[in-house]
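# Tertiary structure, described
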Amino acid sequence: MPPVESELRPGTAVLSDVGLEPDEELWHGDDDGDHGGWYCVRTDPFPCPAEGCSFVAEFMTAAHLVLVWEERDDPNLLWHAQRAKEVGRNPRVVGYETGFGPSASYYAWEAAGRPVHGVKR
């Protein structure tokens, strides 16, 4: 039986409708709330692990946003502070101030799928 004209056969497919993946963009968060008075984890400076990125963080961040928690004793805040201690980043829980840079609620970040800018290879 001869192949049907619309049937795909090896060497005959044309991918004319294939789109390109969009450029990677940093996650901007979606809660845009004022996090003044919330808490974050300040650390010794450490470089962004994304290849070619010159950003240096002084806080626990995600996609270059300072992660913040509403409660100082939030179990997730304490867990992340402990993790930072284990890798030698000298963590301190401090009150977040807008001068630290843009922020994102830890729980909004988690709900967004925990996007990151770069992953250490």
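Fair warning: this is a prediction, and the values are worked out from it, not measured in the lab.

The subject of this paragraph is the pairing of strand β4 (residues 65-68). For strand β3 (residues 61-62) and β4, the ladder comprises two bridges, and the chain directions are antiparallel. Counted as the bridge partner of Thr61 is Val66 from β4. As consecutive antiparallel partners, β3 and β4 are separated by two residues, and within that stretch Ala63 has a phi angle of approximately 50 degrees, a positive value. Both β4 and strand β6 (residues 103-105) contribute to a ladder of three bridges, which runs parallel. Bridging across to β6, Val66 finds its partner in Ser103.

Another aspect to go through is the environment of His64. Considering the arrangement of structural elements, one finds His64 in the loop between β3 and β4. Residue His64 is classed as buried on the basis of its relative accessible area of 17%. Placed 53 residues apart in sequence, His64 and His117 show a C-alpha to C-alpha distance of 7.3 Å.

Basis of the calculations
- Residues numbered from 1 in each chain as written.
- Predicted model: local features only at pLDDT ≥ 70, side-chain atom pairs only at ≥ 80, totals over all residues.
- Heavy atoms only, no water.
- Pairing = 2+ DSSP bridges.
- Helix = DSSP H or I, 4+ residues; strand = E, 2+ residues; numbered from the N terminus.
- Buried < 20%, exposed > 50% of the residue type's maximum accessible area, 1.4 Å probe, protein only.

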